[in-house]
Amino acid sequence: MIKKTPKPPVHTLPKDMREALVASPPAYAAWKTLTPLARNEWICWVISVKKAETRVDHLRRLRENLIAGKRRPCCFAGCIHR
């Protein structure tokens, strides 16, 4: 008997993250090509910080990294919700 593994939860895109992506058409175009798992990792990477200024920095780096072709956040252990 083959068991199906449950799908990982798909996170809701936070409003500030959506606004940051929409404000940069190249970053948003790259975002739309990501798998749900990759999107989850970016979302967790952005929301996992404690300080507001760090979150702003992560949003900036998200856009830059997506435009540069990166598909996952660098130096991040991964989504803790997996």
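Residues numbered from 1 in each chain as written. Predicted model: local features only at pLDDT ≥ 70, side-chain atom pairs only at ≥ 80, totals over all residues. Heavy atoms only, no water.

Enquirer: Whenever I open this one, the pattern of salt bridges confuses me. Can you help?
Expert: Tallied over the entire structure, the rule returns six salt bridges. Asp16 is the salt-bridge partner of Arg55, the closest N and O atoms lying 2.8 Å from each other. Of this pair, Arg55 sits in helix H4 (residues 52–67) while Asp16 sits in helix H1 (residues 15–22); the two residues are 39 residues apart in sequence, bridging distant segments of the chain. Under the relative-accessibility criterion, Arg55 is labelled partly exposed at 22%. Measuring nitrogen to oxygen at the nearest pair gives 2.9 Å for the salt bridge that ties Glu64 to Arg60. In this pair, Glu64 and Arg60 are both assigned in helix H4, four residues apart and thus about one turn of the helix distant. You can call Glu64 partly exposed: its relative accessible area is 42%. You can call Arg60 partly exposed: its relative accessible area is 34%. Here the residues in one salt-bridge network are Asp57, Arg60, Arg61 and Glu64, joined through shared partners. (Salt bridge = Lys/Arg side-chain N within 4 Å of Asp/Glu carboxyl O. Helix = DSSP H or I, 4+ residues; strand = E, 2+ residues; numbered from the N terminus. Buried < 20%, exposed > 50% of the residue type's maximum accessible area, 1.4 Å probe, protein only.)

Enquirer: Looking at this structure, I do not really get the nonpolar core. What am I missing?
Expert: One recurring pattern in soluble globular proteins is that nonpolar side chains are buried together. By size, the foremost hydrophobic cluster in this structure holds 16 residues, and its most contacted members are Met17, Leu21, Trp31, Trp42, Leu62 and Leu66. Per-element tally for this core: the top contributor is helix H3 (residues 36–47), with five residues. (Core = buried A, V, L, I, M, F, W, Y, C linked by side-chain atoms within 4.5 Å.)

Enquirer: Whenever I open this one, the packing of H3 against H4 confuses me. Can you help?
Expert: For any two helices packed against each other, the geometry is given by the interaxial angle and the distance between the axes. Running from amino to carboxyl end, H3 crosses H4 at an angle of 150 degrees, the nearest separation of the two axes being 8 Å. The angle between H3 and H4 places the two elements in the roughly antiparallel class. Where H3 approaches H4, its residues Trp42, Trp45, Val46 and Ile47 are matched on the opposing element by Arg55, His58, Leu59, Arg61, Leu62, Asn65 and Leu66. (Axes fitted to C-alpha atoms, helices over the stretch in contact; angles between N-to-C directions. Parallel < 35°, antiparallel > 145°, perpendicular 65-115°, else oblique. Contact = heavy atoms within 4.5 Å.)

Enquirer: What am I meant to see in the packing of H1 against H4 here?
Expert: Put simply, H1 and H4 touch, their axes get as near as 10 Å, and they point 40 degrees apart. Judged on the interaxial angle alone, H4 and H1 are oblique. At the point where H1 passes H4, the crossing takes the right-handed sense. Across from Asp16, Met17, Ala20 and Leu21 in H1, the residues of H4 making contact are Arg55, Leu59, Leu62, Arg63 and Leu66. Residue classes in the contact of H1 with H4 are distributed as six nonpolar, no polar and three charged. (Left-handed = near helix turned anticlockwise from the far one by under 90°. Nonpolar A, V, L, I, M, F, W, Y, C, P; charged D, E, K, R; others polar.)

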